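# Results of the structural survey
Each chain is listed here by its residues.
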Amino acid sequence: MPAKRKTTRLEEDPAAKKQKAADPAAACASAVATPSATSVDDFCLLDHLTDSTWKEWLAPEFGKPYFKEVETFLRQGYSSKQEIFPPQSLIFNALNTTPPDQVKVVLLGQDPYHDNGQAHGLSFSVQRGVAIPPSLRNIYQELSEDIDSFTKPQHGNLQHWAEQGVLLLNATLTVQAHKANSHSKIGWQKFTDAVIKTVNEKAEHSVVFLLWGGFAQKKASLVSARHCVIKTAHPSPLSVTKWRGCRCFSAVNDALSLAGRDPIDWKIPE
């Protein structure tokens, strides 16, 4: 058996401590490098936001009190062995998969799926091998009637959309297992509102904001007239009768074409 590595904890330079206090990213890096800390104590949200451009665009948010409160809330949840979805590495999956300079469409969801194995950080999407949720089944039905080339897949993973520039953003990025909306008031919506405002202000091209249902439609106030906003009912079984026939997917592609951008290939590979 190899000998245990001896670790020495050095006294921290006061100037470095002051710099970390002003720079959340530096503080996170320091925590990861400290051998005596546990994995839960090391938890840092910024470790899981890997896209450098999003980090640059959203940098003003990371030092705000609400962001640290979200981080503290999650750290306490992990410390008390709560089951929280999606996995830590996928909390920012929507941002990491769709860099800001590639965003064509923002599709806003409300809350991650809260049953085991479903949520993986993309709104309305579930992992392969997981039963397709009712709302997504209704989405597929509308697609099959709206887009001639669309064939209903046997899974619910929407990664293909995200890789084309569809930002599949939930307004709340985490949830406690089996408790819908359990993290909706911890501060996440301040962060995701900042994401929407940042796209609105910094995107070089016109972006289509696809807003389903009353909750998402309230976010239209964050979007300026240079972008396109498409509002429909939500595909939930509770409002599906109003959702049917909305033809929002072809409307998105029409808006993209009008703005001189390539349309979305809504087909989902098996």
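This text goes with the structure placed above it.
As the structure is a computational prediction, the values presented were derived from the model and not from experiment.

What follows is about the overall build of the chain. Counting secondary structure elements, the chain contains 12 helices and six strands. Residues classed as buried in the chain amount to 49% of the 270 residues present. Sequence-distant contacts in the chain: of pairs separated by 6 or more residues, those separated by 24 or more amount to 66%. Total accessible area on the chain is roughly 13700 Å²; 51% of this is exposed by carbon and sulfur atoms.

All right, on to the pairing of strand E3 (residues 166-170) then. Burial analysis of E3 places five of its five residues in the buried class, which makes it a mostly covered element. Side-chain alternation along E3 places Val166, Leu168 and Asn170 on one buried face and Leu167 and Leu169 on a second face that is also buried.

With that out of the way, let us pick up the packing of aromatic side chains. What characterises a pair of aromatic rings is the spacing of the ring centres plus the angle enclosed by the ring planes. Throughout the structure, instances matching the rule amount to 16 aromatic pairs. For the pair Tyr66 and Phe67, a centre-to-centre distance of 6.4 Å together with 80° between the ring planes defines the contact as edge-to-face. The two residues Tyr66 and Phe67 agree in class, both being buried. Where Trp212 meets Phe249, the ring centres are 6.0 Å apart and the plane angle is 75°; that geometry is what we call edge-to-face.

Attention now moves to the nonpolar core. One finds Trp54, Trp161, Trp188, Phe191 and Phe249 to be the most contacted residues of the largest nonpolar core, which totals 76 residues. Excluding residues that lie within four positions of it along the chain, Trp188 makes contacts with Leu45, Val70, Leu74, Ile91, Phe92, Ala171, Thr172, Leu173, Thr174 and His183.

Let us look at the packing of helix H5 (residues 65-79) against helix H9 (residues 188-202). Between H5 and H9, whose axes approach to 9 Å, the crossing angle comes to 130°. The angle between H5 and H9 places the two elements in the oblique class. Like other packed secondary-structure pairs, H5 and H9 cross with a definite hand, here left-handed. Mapping the contact onto sequence places Tyr66, Phe67, Val70 and Leu74 in H5 and Trp188, Lys190 and Phe191 in H9. Residues that form the contact of H5 with H9 fall into these classes: six nonpolar, no polar and one charged.

Let us now look at unusual backbone geometry. Cis geometry is adopted by the peptide bond preceding Pro86, which originates at Phe85 and carries an omega value of -10°. Among the structural elements, Pro86 can be located in the loop between strand E1 (84-85) and helix H6 (93-97). Although it is not a glycine, Phe124 sits at a positive phi angle of roughly 70°. In this structure, Phe124 sits in the loop between strand E2 (105-109) and helix H7 (134-146).

With respect to the helices and strands, the residue Ser239 is situated in the loop between strand E6 (228-232) and helix H11 (240-243). Owing to a relative accessible area of 17%, Ser239 belongs among the buried residues under this scheme. With sequence-adjacent residues up to four places away left out, Ser239 is seen in contact with Ala233 and His234.

Parameters and conventions
- Residues numbered from 1 in each chain as written.
- Predicted model: local features only at pLDDT ≥ 70, side-chain atom pairs only at ≥ 80, totals over all residues.
- Heavy atoms only, no water.
- Helix = DSSP H or I, 4+ residues; strand = E, 2+ residues; numbered from the N terminus.
- Buried < 20%, exposed > 50% of the residue type's maximum accessible area, 1.4 Å probe, protein only.
- Contact = heavy atoms within 4.5 Å.
- Areas by Shrake-Rupley, 256 points an atom, 1.4 Å probe, with all protein chains shown as cover.
- Phe/Tyr/Trp six-rings, centres within 6.5 Å; stacked < 30°, edge-to-face > 60°.
- Core = buried A, V, L, I, M, F, W, Y, C linked by side-chain atoms within 4.5 Å.
- Axes fitted to C-alpha atoms, helices over the stretch in contact; angles between N-to-C directions.
- Parallel < 35°, antiparallel > 145°, perpendicular 65-115°, else oblique.
- Left-handed = near helix turned anticlockwise from the far one by under 90°.
- Nonpolar A, V, L, I, M, F, W, Y, C, P; charged D, E, K, R; others polar.

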